[in-house]
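Listed below are the residues making up each chain.
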Amino acid sequence: MPLQSRLFKNDPRLAKCLVDDSAHVLLGATGRFVGNIQAALEILDHAEIEMTELQAMKYGPSTAAAVLRYKQQRKIINYSYQTKADNIVGKMTIARLDRELVERDQQHPARFICGDCVKHSTESVKAETTGSVRTSLRARNVRAKTAEADSKPKANAPYVPPQLPANLGIVFHITKGAWQSKKGEHLAQIVKANSLLFSWGMRIVEPTMGTLIWPHVDVVDPRYTADVARVRRASDRVTPGFPNLVRVIVCPFIAHYPYYGATYGNNGGTGLDAPFILIDSNKRREDNCTMLHEMIHAAETRLLEEHHDPDPTNVFSTSDNRSVLNYYYAEILSRAFFAS
Ligand SMILES: [Zn+2]
Ligand SMILES: [Zn+2]
């Protein structure tokens, strides 16, 4: 049976490794197929492989050590010529890695809250549900609108919107895979967010200093924890910690994926605490509002796709021409876990 996993199935070098003893992979090898082995070890074993080896896709000492550990833990030993595990990827090892990758996808689907879906949202119109979340959010919406109305201009006084002073802290990462094709194109989303936040007295801040790139070239399928957790972990290796910032990671999604991004909440299946946001580098909604839209989801994870705003100009709708951040959503952002 040929290799089945998403990571391995289109790799001709690993296909050879599966059937030909002389095509085993060992210390000193370099290439995309080594990168795929490294990715598998990170996904399945949380292996900590040296950054230099990941960047070069080189089967160096730390990759070999990760292979040895993987084989020891599973007792992958070819008793016809050895009595203990070695650090080489041969037929047995590649088959085992492949099988575990397939099992992992089946057992760990990832669920995201919202991804700023490509098709215009019609579900939001029919979503006048009376669930408790919706009810409490609507009640707050009414209070918010009252607060806004109270500050409307009296006589000839100039209109000053109520202020919600806050810095919204983000870690903005672009993966190497995204950078190679799109460079910093998605930085426009920060500029757009700031232009809409400004009148409420808010702004985006990046305390971790600018955009960082790391050796993650993979295409991400937002439906699988293996992909999502791996790109999230890669971000954490470059900039560890910062639980009070929201991570925004620009990375290439699989082709024709019907969402511009994906926000994962506390139960996204990744075992990670704080919500974080992936943005597809391969396409960009023309209004540049995907990041701000997703930040609202990250700020209030009880807001789901069905709660999208029916007004197509509203940032919290899923139209292509959003330009309004109203008090309701501004207020939610102002008390987000990443607001200070
Ligand atoms: Zn949404
Ligand atoms: Zn939708």
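This is a predicted model, so every value here is computed, not measured.

Turning next to the sheet that holds strand β4 (residues 261-264). As summarised here, the arrangement of the five strands in space is β2-β1-β3-β5-β4, forming an open sheet in which the pairing is mixed. The sheet terminates laterally at β2 (202-205) and β4, the two strands that pair on one side only. This sheet shows a mean twist of 25 degrees between the axes of neighbouring strands, independent of strand direction. One ladder, built from five bridges, connects strand β3 (residues 246-251) with strand β5 (residues 276-280); its direction is parallel. Looking across to β5, one finds that Cys251 is bridged to Asp280.

Let's shift gears to the pattern of salt bridges. Evaluation of the coordinates by the stated rule reveals 24 salt bridges. A salt bridge links Asp218 to Arg32; the nearest nitrogen and oxygen atoms lie 3.2 Å apart. One end of the pair, Asp218, is in the loop between β2 and α10 (225-238); the other, Arg32, is in helix α2 (residues 32-45), and 186 residues separate them in sequence. A relative accessible area of 11% places Asp218 in the buried class.

Cys114 (SG), His293 (NE2), His297 (NE2) and His308 (NE2) make up the full set of protein donors to the zinc ion (ligand 1), lying at 1.9 to 2.1 Å. Coordination at the zinc ion (ligand 1) is tetrahedral: its four donor atoms span angles of 101 to 116 degrees at the metal. Going along the chain, you hit the donors of the zinc ion (ligand 1) in the pattern C-x178-H-x3-H-x10-H. Separated by 183 residues along the polypeptide, Cys114 in the loop between α5 (91-107) and α6 (123-126) and His297 in helix α11 (residues 290-299) bring together distant segments of the chain. On the accessibility criterion, Cys114 (0% relative accessible area) is buried.

Okay, unusual backbone geometry next. Backbone geometry places Lys183, a non-glycine residue, at a positive phi of 45 degrees. In this structure, Lys183 sits in the loop between α8 (176-182) and α9 (188-197). A relative accessible area of 45% means that Lys183 is categorised as partly exposed. In the Ramachandran plot, Phe242 falls in the positive-phi region, its phi being about 55 degrees despite a non-glycine side chain. Within the secondary structure layout, Phe242 lies in the loop between α10 and β3.

Relative to the 20 Å expected for 14 residues at 1.5 Å per residue, α2 spans 20 Å between its end C-alpha atoms, a close match to the ideal helical length. With 12 of 14 residues buried, α2 is to be regarded as a mostly interior element. All of the buried residues in α2 are Phe33, Val34, Gly35, Asn36, Ile37, Gln38, Ala39, Ala40, Leu41, Glu42, Ile43 and Leu44. Buried positions along α2 lie against α1 (12-19), α3 (51-56), α4 (61-73), α5 and α10. A positive phi of about 50 degrees marks His46, the residue just after α2.

Conventions and cut-offs
- Residues numbered from 1 in each chain as written.
- Chains lettered and ligands numbered in written order.
- Predicted model: local features only at pLDDT ≥ 70, side-chain atom pairs only at ≥ 80, totals over all residues.
- Heavy atoms only, no water.
- Pairing = 2+ DSSP bridges.
- Helix = DSSP H or I, 4+ residues; strand = E, 2+ residues; numbered from the N terminus.
- Axes fitted to C-alpha atoms, helices over the stretch in contact; angles between N-to-C directions.
- Salt bridge = Lys/Arg side-chain N within 4 Å of Asp/Glu carboxyl O.
- Buried < 20%, exposed > 50% of the residue type's maximum accessible area, 1.4 Å probe, protein only.
- Donors = N, O, S within 2.8 Å, 3.2 Å for Na, K, Ca; no water.
- Tetrahedral: all angles 85-135°; square planar, octahedral: opposite > 155°, others 65-115°.
- Expected span 1.5 Å × (residues − 1).
- Contact = heavy atoms within 4.5 Å.

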